[in-house]
Amino acid sequence: RGETPADFGINAIWVGSGSLDAAEIDRYHKLGLQVFAEFNSLHAAEYLKEHPDAAPIGPDGKPSPPPQGWQGVSAFHNGYRRDRMSEFRRVLQTFEIDGIWLDYHHAHASWEQAEPNLPDTDFSTTALQEFTRTTGIKLPADTSKAAQLLLGPERQAWTEFRCAKFTDWVRE
């Protein structure tokens, strides 16, 4: 006893997808461990350096500041989605992992604390136009007025629409 991870009841390891290494994965498998990758889907903030238009937009029509330093990226930005899907596929094709977990697959927020900071966001032009196309609900051209409507009488439709977007990422 005490020679292998199994001796301690350990049968799996989680590794950040950016830290995966084929030789290490092979070593873990030889130790009897399953290897799972953590994949940051919606908080890869480095993307914003070259694509500031991918920042989540607040109800005031301006980029939402990162809550407690957790900078999210808009699920509605098509370039960001292509980038993350490409990286996701690269990880799956390159490494012999046993599974992958979509980490940070949620809206721009800082929720891992006693009082979560969950700002209302994603009022980008793309998101608002897609909402109207999808639901048939017409919105005012002014972002702050559209946000008032979406956070008020149309909150249920807005919430369902946004949840469907996150689900669509998973489906892809």
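Anything mentioned here points back to the structure above.
Let me begin by describing the structure that accompanies this report. Quick caveat, the model's predicted, so the values are computed rather than measured.

### Focus: the overall build of the protein
Step number 1: Secondary structure assignment for the protein yields 5 helices and 3 strands.
Step number 2: For the protein, the N- to C-terminal ordering of α and β elements is β-α-β-α-β-α-α-α.
Step number 3: Computed over C-alpha atoms, the radius of gyration of the protein comes to 20 Å, more than 25% over the 16 Å expected from 2.2 N^0.38 for 172 residues, which places it beyond the range of a compact globule.
Step number 4: On the principal axes, the C-alpha backbone points of the protein span a range of 65 × 35 × 30 Å.
Step number 5: Expressed as a percentage of its 172 residues, the buried residues of the protein come to 40%.
Step number 6: Summed over its atoms, the accessible surface of the protein is roughly 10100 Å², and 51% of this surface lies on carbon and sulfur atoms.

### So, the pattern of salt bridges
Pairing between side chains of opposite charge can happen when the charged atoms of each approach one another.
Step number 1: Scanning the entire structure with this criterion turns up 10 salt bridges.
Step number 2: Measuring nitrogen to oxygen at the nearest pair gives 2.9 Å for the salt bridge that ties arginine 90 to glutamate 87. One end of the pair is arginine 90 and the other is glutamate 87, both in helix α2 (residues 78–94) and 3 residues apart, which spans about a single turn.
Step number 3: The partly exposed category is assigned to arginine 90, whose relative accessible area is 36%.
Step number 4: A salt bridge links lysine 165 to glutamate 130; the nearest nitrogen and oxygen atoms lie 3.0 Å apart. One end of the pair, lysine 165, is in helix α5 (residues 155–171); the other, glutamate 130, is in helix α3 (residues 125–135), with 35 residues separating them in the sequence.

Reading the values: the criteria
Residues numbered from 1 in each chain as written. Predicted model: local features only at pLDDT ≥ 70, side-chain atom pairs only at ≥ 80, totals over all residues. Heavy atoms only, no water. Helix = DSSP H or I, 4+ residues; strand = E, 2+ residues; numbered from the N terminus. Rg over C-alpha atoms; globule rule 2.2 N^0.38 Å. Buried < 20%, exposed > 50% of the residue type's maximum accessible area, 1.4 Å probe, protein only. Areas by Shrake-Rupley, 256 points an atom, 1.4 Å probe, with all protein chains shown as cover. Salt bridge = Lys/Arg side-chain N within 4 Å of Asp/Glu carboxyl O.

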